[in-house]
Amino acid sequence: MTFLLGLMIAGLLSVAALLALVRLYRGPSLLDRVVAADMLLATMVGAVGAEAALNRHASTLPVLVVLALLGFVGSVSLVRFAVREQS
């Protein structure tokens, strides 16, 4: 049962990452690419969190916190840069 659940989660996260990579490649503007990169990072956080939940360990919790902070700070800084460029 756990193996099947892991396969389903891996499949869904792979599709989400592939769609984010497509948007990252084809995005017509910088903000589209920022949103796609943030989505890719959120997918990575989901994958690490799912792995920790399926294997019942909390040793990857610091990795999750660092990835979440990296995504937040990166998105905010790039959006602030983009707003300055438009002005």
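All values reported here derive from a predicted model rather than from experimental measurement.

Criteria and cut-off values
- Residues numbered from 1 in each chain as written.
- Predicted model: local features only at pLDDT ≥ 70, side-chain atom pairs only at ≥ 80, totals over all residues.
- Heavy atoms only, no water.
- Axes fitted to C-alpha atoms, helices over the stretch in contact; angles between N-to-C directions.
- Helix = DSSP H or I, 4+ residues; strand = E, 2+ residues; numbered from the N terminus.
- Parallel < 35°, antiparallel > 145°, perpendicular 65-115°, else oblique.
- Left-handed = near helix turned anticlockwise from the far one by under 90°.
- Nonpolar A, V, L, I, M, F, W, Y, C, P; charged D, E, K, R; others polar.
- UniProt positions renumbered as here; feature names shortened; annotations may be inferred.
- Contact = heavy atoms within 4.5 Å.
- Buried < 20%, exposed > 50% of the residue type's maximum accessible area, 1.4 Å probe, protein only.
- Polar contact = N/O pair within 3.5 Å; in protein donor to acceptor, adjacent residues only side chain to side chain.
- pLDDT = per-residue confidence, 0-100.
- Expected span 1.5 Å × (residues − 1).

Undergrad: Hey, could you run me through the packing of helix α1 (residues 2-26) against helix α2 (residues 30-55) in this one?
TA: Helix packing geometry: the angle between the two helix axes and the distance between the axes. Close contact between α1 and α2 brings their axes to 8 Å; oriented N to C, the two are set at 165°. Classed by the angle they form, the pair α1 and α2 counts as roughly antiparallel. For the pair α1 and α2, the crossing hand works out as left-handed. Looking at the contact of α1 with α2, its residues break down into 16 nonpolar, four polar and four charged.

Undergrad: Looking at this structure, I do not really get the UniProt feature "transmembrane region" (unreviewed entry) in the chain. What am I missing?
TA: With numbering matched to this structure, UniProt assigns "transmembrane region" (unreviewed entry) to residues 34-54 and 61-83. Regarding residues 61-83, the helix share stands at 100% and the strand share at 0%, and the terminal C-alpha atoms are separated by 33 Å.

Undergrad: Could you clarify how one ought to interpret the side chain of T60 in this entry?
TA: Here T60 shows up in the loop between α2 and α3 (61-86). Sequence-distant contacts of T60, that is, excluding residues within four places in its chain, are made with V48, E51 and A52.

Undergrad: Any chance you could explain the side chain of S75 here in plain terms?
TA: Here S75 lies in helix α3. Here S75 falls in the buried class, since its relative accessible area comes to 17%. Looking at S75, its side chain comes within polar contact range of the side chain of D38, at 3.4 Å. Non-local contacts of S75, meaning those with residues more than four positions away in its chain, are made with V34 and D38.

Undergrad: Help me understand the confidence of the model for the chain in this model?
TA: Close reading of the predicted structure is inappropriate where its pLDDT is low. Averaged over all residues, the pLDDT of the chain is 90; the fraction at 70 or higher stands at 99%. The secondary structure element of the chain with the lowest average pLDDT is α3, at 86, and the one with the highest is α1, at 94.

Undergrad: Looking at this structure, I do not really get α3. What am I missing?
TA: Given 3.6 residues per turn, any residue in an α-helix points the same way as the ones three and four places further on. Counted at 1.5 Å a residue, the expected span for α3 with its 26 residues is 38 Å, and the 38 Å between its end C-alpha atoms agrees. Considered for burial, the residues of α3 that qualify are L64, L67, G71, S75 and A82. Contacts from the buried residues of α3 go to α2.

Undergrad: What's the story with unusual backbone geometry in this structure? I'm lost.
TA: Keep in mind that most residues, glycine aside, have a negative phi and that most peptide bonds are trans. Despite not being glycine, R56 shows a phi value in the positive range, around 55°. With respect to the secondary-structure elements, R56 resides in the loop between α2 and α3. Given the relative accessible area of 77%, R56 is considered exposed.

Undergrad: I tried to follow the environment of I9 on my own but got confused; where do I start?
TA: Turning to its location among the elements, I9 is positioned in helix α1. Here the alpha-carbon distance between I9 and E51, two residues 42 residues apart in the chain, equals 9.4 Å. Discounting chain neighbours no more than four positions away, the residues touching I9 are A50 and L54.

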